[in-house]
Amino acid sequence: MDFRELANKAREAAENALKQAEAKFNEVRANLDKDGDGVPDQLEGVMNQAKQAAEQAKARFEELKSNLDKDGDGVPDQLKHLSEQAQHAAEQARAKAEELAKAAQERLGKKS
């Protein structure tokens, strides 16, 4: 067997190995993508699960938001209630301070 014949056999063996590898690759790819859309089916499944989880999270967030803001004005009702209470307490404190200041002025006026 001469060198040229040996080289041809080596080339043929390499080409056959390449063809077998390509056939195996295509078989594996076909098994991973049975619907033939170019995306492995398992990856599509994971992507769909992620999409559903995101939609569920968004729906839960909207439900929570609507429970916190029943009148729909964009401010959580409890926060609004606390703000109103704080404002009322501030008004009462101001009225009491004015009342005490007036009483102090009257006392000071009587002493003079």
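Please read these numbers as outputs of a predicted model, since none were measured by experiment. (Residues numbered from 1 in each chain as written. Predicted model: local features only at pLDDT ≥ 70, side-chain atom pairs only at ≥ 80, totals over all residues. Heavy atoms only, no water.)

*Asks:* Can you walk me through the overall build of the protein in this structure?
*Replies:* Counting secondary structure elements, the protein contains three helices and zero strands. Going from the N terminus to the C terminus, the protein shows its helices and strands as α-α-α. Since a compact globule built from 112 residues should have a radius of gyration of about 13 Å, the 41 Å found for the protein marks it as more spread out than a globular shape. When its C-alpha atoms are laid out on the principal axes, the protein stretches across 135 × 35 × 15 Å. (Helix = DSSP H or I, 4+ residues; strand = E, 2+ residues; numbered from the N terminus. Rg over C-alpha atoms; globule rule 2.2 N^0.38 Å.)

*Asks:* What should I look at first to understand the pattern of salt bridges in this one?
*Replies:* For side chains of opposite charge, pairing can occur when their charged atoms come near one another. Applying the stated criterion across every chain, the model contains seven salt bridges. With its nearest N and O atoms 3.7 Å apart, the salt bridge here joins glutamate 62 to lysine 65. Of this pair, glutamate 62 and lysine 65 both sit in helix 2 (residues 41–68), three residues apart, which is roughly one turn of that helix. For glutamate 62, a relative accessible area of 37% corresponds to the partly exposed category. Across the pair aspartate 71 and lysine 80 runs a salt bridge whose closest N-O atoms are separated by 2.3 Å. Of the residues examined, aspartate 71 reaches a relative accessible area of 47% and is grouped as partly exposed. It is possible to trace a salt-bridge network through shared partners that takes in Asp71, Asp73 and Lys80. (Salt bridge = Lys/Arg side-chain N within 4 Å of Asp/Glu carboxyl O. Buried < 20%, exposed > 50% of the residue type's maximum accessible area, 1.4 Å probe, protein only.)

*Asks:* Would you explain the confidence of the model for the protein in this entry?
*Replies:* Reading fine detail from the predicted coordinates is not recommended where pLDDT is low. The predicted model of the protein averages 92 in pLDDT, with 97% of residues at 70 or higher. The secondary structure element of the protein with the lowest average pLDDT is helix 3 (residues 77–111), at 91, and the one with the highest is helix 2, at 95. (pLDDT = per-residue confidence, 0-100.)

*Asks:* What is the right way to look at the environment of lysine 110 in this model?
*Replies:* Checked against the element boundaries, lysine 110 lands in helix 3. Considering only alpha carbons, one finds lysine 110 and alanine 30, 80 residues apart in sequence, at a separation of 103 Å.

*Asks:* Explain the side chain of aspartate 69 here, please?
*Replies:* Locating aspartate 69 in the fold gives a position in the loop between helix 2 and helix 3. Salt bridges are absent for the buried aspartate 69, whose nearest opposite-charge side chain, lysine 80, sits at 5.2 Å. Polar side-chain contacts of aspartate 69 include one of 2.7 Å to the backbone nitrogen of glycine 74. When sequence neighbours within four positions are dropped, the list of residues in contact with aspartate 69 reads Gly74, Val75, Pro76 and Asp77. (Lys, Arg positive; Asp, Glu negative; His and termini not counted. Polar contact = N/O pair within 3.5 Å; in protein donor to acceptor, adjacent residues only side chain to side chain. Contact = heavy atoms within 4.5 Å.)

*Asks:* Is there a simple way to think about the side chain of aspartate 33 in this case?
*Replies:* Here aspartate 33 is to be found in the loop between helix 1 (3–32) and helix 2. Summary of buried charges: aspartate 33 has no salt-bridge partner, and the nearest side chain of opposite charge, arginine 29, is 6.9 Å away. Aspartate 33 has contacts with Gly38, Val39, Pro40 and Asp41, leaving out every residue within four places of it along the chain.

*Asks:* Hey, could you run me through the environment of valine 75 in this one?
*Replies:* Topologically, valine 75 is positioned in the loop between helix 2 and helix 3. According to the relative accessible area criterion, valine 75 is partly exposed, its value standing at 34%. Discounting residues that sit within four places of it in the chain, valine 75 has contacts with Asp69 and Lys80.

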